[in-house]
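One letter stands for each residue in the lines below.
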Amino acid sequence: MRSTFSTIFYLKRQVVKKDSTVLIMGRITVDETQTQFSCKLTIDPKIWETKTGRSSPTSSPPLYRCTQPITLRNAAAYRF
């Protein structure tokens, strides 16, 4: 039997923060079983490209804002 695997990233536009940013969410699908999670990152919706599920490569403001302190345990999730 062949397995299927896919990942997508999308914005949770229903909840807008005071600084007009929204959360980046992720979804992993394995054999038609879905799991959704928060990436714990925020972004301005104006620089998000819905078709590709990524931020615009030509955006000049910072692409994300850390919402939690970076420790050795979660440092691998952030690329600087």
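Structure first, text after, so check above.
Let me begin by describing the structure that accompanies this report. The model shown is predicted, which means the values in this text are computed figures rather than measured ones.

1. Points about the overall build of the protein chain
Argument step 1. For the protein chain, the count of helices and strands is 0 helices and 6 strands.
Argument step 2. The long-range fraction of contacts in the protein chain, counting pairs at least 24 apart against all pairs at least 6 apart in sequence, stands at 30%.
Argument step 3. Here the protein chain has roughly 6600 Å² of accessible surface; of this, 56% comes from carbon and sulfur atoms.

2. Details of the nonpolar core
Note that soluble globular proteins tend to have their nonpolar side chains buried in a common cluster.
Argument step 1. Membership of the largest hydrophobic core is limited to 7 residues, which are Leu 11, Val 22, Ile 24, Leu 41, Ile 43, Ile 47 and Trp 48.
Argument step 2. When contributions to this core are tallied by element, the ones reaching two or more residues are strand 2 (22-30) and strand 3 (33-43).
Argument step 3. Among residues more than four places away in sequence, those in contact with Ile 24 are Phe 9, Tyr 10, Leu 11, Ser 38, Cys 39, Lys 40, Leu 41, Ile 43 and Trp 48.

3. Description of the environment of Arg 2
Argument step 1. Along the chain, Arg 2 falls in the segment before strand 1 (5-16).
Argument step 2. Arg 2 sits 29 residues away from Asp 31 along the chain, and the two C-alpha atoms are 8.8 Å apart.

4. Brief notes about the pairing of strand 3
As a general feature of sheets, a regular strand has side chains that alternate between the two faces.
Argument step 1. Where strand 2 meets strand 3, 8 bridges bridge the pair, whose relative direction is antiparallel. From the neighbouring strand, Val 30 faces strand 3, where its bridge partner is Thr 33.
Argument step 2. What sits between the antiparallel neighbours strand 2 and strand 3 is a turn of 2 residues, in which Asp 31 has the positive phi angle 50°.

5. Focus on the side chain of Thr 29
Argument step 1. Summarising the element assignment, Thr 29 is placed in strand 2.
Argument step 2. Residue classification places Thr 29 among the buried positions, given a relative accessible area of 18%.
Argument step 3. Excluding residues that lie within four positions of it along the chain, Thr 29 makes contacts with Thr 4, Phe 5, Ser 6 and Gln 34.

6. Quick notes on a nonpolar patch on the surface
Argument step 1. Together, Phe 5, Ile 28 and Val 30 make up an exposed nonpolar region whose accessible area comes to about 270 Å².
Argument step 2. In this structure Phe 5 comes out as exposed when scored by relative accessible area, which is 59%.

7. Focus: the pairing of strand 1
Argument step 1. Relative to strand 2, strand 1 runs antiparallel, the two being bridged by 9 bridges. Its bridge partner being in strand 2, Val 16 is matched across the sheet by Val 22.
Argument step 2. The turn joining strand 1 and strand 2, which pair antiparallel and follow one another in sequence, is formed by 5 residues; a positive phi near 60° is taken by Ser 20.

8. Structural notes on the environment of Asp 19
Argument step 1. Looking at the element boundaries, Asp 19 is found in the loop between strand 1 and strand 2.
Argument step 2. For the pair formed by Asp 19 and Ile 43, sequence separation is 24 residues and the distance between their alpha carbons is 9.9 Å.
Argument step 3. A distance of 2.8 Å separates a polar atom in the side chain of Asp 19 from a polar atom in the side chain of Thr 21.

What counts, and at which threshold
- Residues numbered from 1 in each chain as written.
- Predicted model: local features only at pLDDT ≥ 70, side-chain atom pairs only at ≥ 80, totals over all residues.
- Heavy atoms only, no water.
- Helix = DSSP H or I, 4+ residues; strand = E, 2+ residues; numbered from the N terminus.
- Contact = heavy atoms within 4.5 Å.
- Areas by Shrake-Rupley, 256 points an atom, 1.4 Å probe, with all protein chains shown as cover.
- Core = buried A, V, L, I, M, F, W, Y, C linked by side-chain atoms within 4.5 Å.
- Buried < 20%, exposed > 50% of the residue type's maximum accessible area, 1.4 Å probe, protein only.
- Pairing = 2+ DSSP bridges.
- Patch = residues over 30% accessible without salt bridge, like charges linked within 9 Å, V, L, I, M, F, W, Y side chains within 5 Å.
- Salt bridge = Lys/Arg side-chain N within 4 Å of Asp/Glu carboxyl O.
- Polar contact = N/O pair within 3.5 Å; in protein donor to acceptor, adjacent residues only side chain to side chain.

Everything listed here is a matter of coordinates, which is why it stays silent on function.
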